[in-house]
Amino acid sequence: MKQIFEALEKDARLTPDQISTMTGISVAEVKKAIKKAEQDRAILRYKAIIDWTKLGEEEVLALVEVKVVPQRNVGFDAIAERIYRFKEARSVYLASGTYDLAVIVACRTMQEIAVFVSEKLAPLEAVQGTVTHFILKKYKEDGEIFEGGEEVKRLPIAP
Amino acid sequence: MSRSEPVNSRLSKKCLSDKVVALPPSGIRKFFDLLSSMEGVISLGVGEPDFVTPWYIREAAIYSLEKGYTMYTSNKGTPELRAELAKYLNSHYSLVYNPDDEILITVGVSEGLDLAARAILNPGDEVIMPDPCYVAYPAAISLAGGIPVRVPTTEDNDFEITAADIESRITPKTKAILIGYPCNPTGAVLTRDELERIADVVKRHHLLVISDEIYCQLVYGVEHTCLASLPGMRDRTILLNGFSKAYAMTGWRIGYAACGKEIIGAMTKIHQYTIMCASIMGQMAALEALKSNDREVDVMVRDYDRRRRIIVKGFRDIGLSCFEPKGAFYAFPSIKVTGMSSEEFAEKLLMEEKVAVVPGTAFGDCGEGYVRCCYATSLPEIEEALKRMARFIDKHRKK
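Residues numbered from 1 in each chain as written. Chains lettered and ligands numbered in written order. Predicted model: local features only at pLDDT ≥ 70, side-chain atom pairs only at ≥ 80, totals over all residues.

Enquirer: Describe the domain arrangement of chain B, with residues and values.
Expert: All names here are of chain B. Once the domains are mapped, chain B shows domain 1 (15-52 + 296-396) and domain 2 (55-291). Look at where the C-alpha atoms of domain 1 and domain 2 centre, and you get two points 25 Å apart. Listed per partner, the contact involves 33 residues of domain 1 and 34 residues of domain 2. For the side of domain 1 that touches domain 2, the secondary-structure elements that each account for two or more residues are α12 (295-317) and β9 (330-331). Broken down by element, the side of domain 1 that touches domain 2 gets its largest block of residues, six residues, from α12. Each residue belonging to the side of domain 1 that touches domain 2 can be placed in one class, and the counts come to 19 nonpolar, seven polar and seven charged. (Domains from an automatic or database assignment. Contact = placed C-beta atoms within 7 Å. Helix = DSSP H or I, 4+ residues; strand = E, 2+ residues; numbered from the N terminus. Nonpolar A, V, L, I, M, F, W, Y, C, P; charged D, E, K, R; others polar.)

Right, here's the structure in full:
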């Protein structure tokens with residue numbers, strides 16, 4: 001079964017037929033496994049990894065370190081939820097170390113990020129402080145190298 | 001100005017070694033030349049992984065350069081690499097080799113094969129090997145003064161060489177058998193049972209075995225049995241292996257040979273005068289490959305397996321019978337439905353549909369009627385190649 005999801009994770013456009021051939025598991029079984037994974041939210045969504053800059057679109061990202069006061073009974077969960085509900089918060093992680101939450105914020109302009117951090121994030125009651133790092137360049141995301149990925153330089157015919 | 005070529009060809013008969021002149025040219029050279037002048041070709045003719053060497057291995061090699069590891073190593077290879085190999089062979093196959101004198105680091109399995117042949121053969125000694133088999137086997141034996149004796153293997157028998165077939169070809173001149181399973185070009189593997197029967201024949205007739213196990217980690221749904229690990233076989237088996245295929249390290253040229261110290265000693269003698277030692281950077285990289293866990297190798301193997309299933313089903317769907325390969329990264333479909341020879345098929349396919357495959361005859365007469373297709377290439381390329389081949393088969397199917 002792991003094979004099904006390993007194949008899908010690499011290429012979400014594979015059809016159940018293809019996956020069945022690749023794994024030797026019947027098409028019906030493959031469909032069933034995928035459906036169940038979707039229902040269990042083991043598969044959350046199918047998406048493309050896009051290099052927006054190549055499409056001429058602007059996107060500004062920032063990694064925001066957030067220090068918070070954990071709350072009784074709910075720990076960090078309640079404040080994390082308050083933050084991740086903002087659509088600007090693309091990813092939210094609880095991290096060990098000198099700060100608590102790592103938030104990746106995505107906006108169209110730097111100004112929008114500044115406004116989001118200063119007017120939405122920082123004023124939250126449980127938030128003690130934030131440190132904002134603007135992302136200057138994307139090298140690799142979700143396992144994909146953006147530029148200068150590796151091309152295999154093989155001879156076309158070899159014994 | 002006259003060109004020097006005619007002079008060379010006039011001289012050639014006299015100035016070249018008879019042994020070399022008698023060697024047939026490689027069956028794939030022609031395609032290589034054709035291919036280099038074409039564009040838009042999908043090549044299933046490669047013989048190596050489409051992965052680049054995992055970064056942790058490359059990084060270790062870079063670090064070794066930074067630290068100044070640029071010298072010769074001991075003839076036998078670095079003590080660290082030999083020690084790690086001894087550990088590896090012990091943990092994987094319960095084999096015990098003394099890293100001091102029973103393991104030799106070579107420049108790929110190719111060198112190991114050459115050394116093994118030269119170390120054990122006297123002129124006229126016969127070496128039994130399957131047909132089809134890797135292109136270098138008969139050549140290495142001939143160059144060492146031996147005589148290759150080919151045992152036909154067929155699709156009906158899953159391209160396995162059998163103990164009975166081997167035994168029927170044993171003569172007083174037989175010195176050794178040379179096998180390489182998982183097999184290039186067929187992708188066949190040998191079952192443990194068959195290997196046991198072969199081991200039995202080898203012991204009864206006091207033969208040696210040169211066992212090329214370079215594809216041992218690339219097996220699908222079966223377990224590889226190391227011939228040397230069978231009872232009584234350690235000192236009769238010259239185990240050849242290396243890092244090229246499993247770790248995607250073909251260009252690093254690091255292989256190894258393991259056997260009793262008598263034979264390894266003899267091989268080391270030739271190696272020290274001809275090669276001196278394998279490159280130190282490659283040995284450093286190989287050491288890192290062995291020391292790390294095989295997680296990246298496992299990922300690659302599962303990836304090959306998925307593509308293997310796609311290509312085999314693909315061939316069958318377009319009407320080519322295709323034996324199910326259980327190892328390496330080759331499929332060996334039969335092209336007999338076209339009535340063409342393997343070479344004709346490969347050439348026409350390349351010219352008409354721009355798909356490169358290797359004619360089975362490059363690997364021996366028994367490869368006639370088959371072509372070798374490597375599936376270590378991207379899925380979209382495999383699917384496009386299958387599409388083009390379907391068109392080609394439809395057009396050329398024997399009426």
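Don't stop here, the text continues.
Enquirer: A description of the packing of helix α6 (residues 108-120) of chain B against helix α10 (residues 261-274) of chain B should follow, citing residues and the corresponding values.
Expert: Residue and element names in this part refer to chain B. It is the contact of α6 with α10, at a shortest axis distance of 9 Å, that shows an interaxial angle of 110°. Taken together, the axes of α6 and α10 lie roughly perpendicular to each other. Where α6 crosses over α10, the two elements pack in a sense that is right-handed. From α6, L115, A116, R118, A119 and I120 reach across to α10, where they touch I263, A266, M267, I270 and H271. (Axes fitted to C-alpha atoms, helices over the stretch in contact; angles between N-to-C directions. Parallel < 35°, antiparallel > 145°, perpendicular 65-115°, else oblique. Left-handed = near helix turned anticlockwise from the far one by under 90°.)

Enquirer: So, the interface of chain B and chain A: which residues are in play, and what are the values?
Expert: Opposite the 21 residues of chain B that make contact, chain A presents 15 residues. Listed by contribution, the elements that provide at least two residues to the side of chain B that touches chain A are α3 (29-36) and α12 of chain B. Examining the composition of the side of chain B that touches chain A, we find that five residues originate from one element, α12 of chain B, more than from any other.

Enquirer: Hey, could you go over the pairing of strand β3 (residues 101-107) of chain A for me, with residue numbers and the actual values?
Expert: In the case of a regular strand, side chains alternate between the two sheet surfaces. Residue and element names in this part refer to chain A. Of the two faces of β3, only one is covered, namely that formed by L101, V103, V105 and C107; the face formed by A102, I104 and A106 stays uncovered. Judged from the seven bridges that link them, strand β1 (residues 60-68) and β3 form a sheet pairing that is antiparallel. Across the sheet, the residue bridging to V66 is L101, located in β3. Bridge count between strand β2 (residues 89-94) and β3: five bridges; the pairing is antiparallel. Looking at β3, one finds that A89 is bridged to V105. Counting the residues that bridge the hairpin from β2 to β3 gives six residues, and of these G97 lies at a positive phi of roughly 115°. (Buried ≥ 20, exposed ≤ 12 C-beta atoms within 10 Å, placed from the backbone. Pairing = 2+ DSSP bridges.)

Enquirer: Explain the packing of helix α13 (residues 342-353) of chain B against helix α14 (residues 379-396) of chain B to me, using residue names and the numbers behind them.
Expert: Residues and elements named next belong to chain B. Direction vectors running N to C along α13 and α14 enclose 110°, while the axes themselves pass 11 Å from each other. As far as their axial angle goes, α14 and α13 are roughly perpendicular. Here α13 and α14 pass one another in a crossing that is right-handed. Of the residues in α14, those in contact with L349, E352 and E353 of α13 are R388, M389, R391 and F392. In terms of residue class, the contact of α13 with α14 is built from three nonpolar, no polar and four charged.

Enquirer: Could you give an account of the nonpolar core, naming the residues involved and the relevant values?
Expert: Here is a general trend for soluble globular proteins: nonpolar side chains tend to be buried in one another's company. A116, I177, I238 and A257 of chain B are the most contacted members of the largest nonpolar core, which has 122 residues in total. The dominant element in this core, judged by the number of residues it contributes, is α6 of chain B, at seven residues. Counting residues domain by domain, this core receives three or more from each of domain 1 (15-52 + 296-396) and domain 2 (55-291) of chain B. Every residue in contact with I238 of chain B, bar those within four places of it in the chain, is listed here: A116, L208, V209, I210, S211, A257, C259 and I263 of chain B. In terms of nonpolar packing, the next biggest core, distinct from the first, is built from 16 residues, I79, I83, C107 and L121 of chain A among them. (Core = buried A, V, L, I, M, F, W, Y, C linked by C-beta atoms within 7 Å.)

Enquirer: Can you break down the pairing of β1 of chain A residue by residue, with the values?
Expert: Two elements, β1 of chain A and strand β4 (residues 127-134) of chain A, share seven bridges in a ladder whose sense is antiparallel. In the sheet register, K67 of chain A faces β4 of chain A, and the bridge partner there is G129 of chain A.

Enquirer: Can you lay out unusual backbone geometry for me, pointing to particular residues and giving the numbers?
Expert: All names here are of chain B. In the segment running from D131 into P132, the intervening peptide bond is cis, with an omega of 0°. Among the secondary structure elements, P132 is positioned in the loop between β3 (126-131) and α7 (136-143). The linkage connecting N184 with the following residue, P185, adopts the cis geometry, with an omega of 25°. Topologically, P185 is positioned in the loop between β5 (174-179) and α9 (192-204). Notably, R253 is not glycine yet its phi reads approximately 60°, a positive angle.

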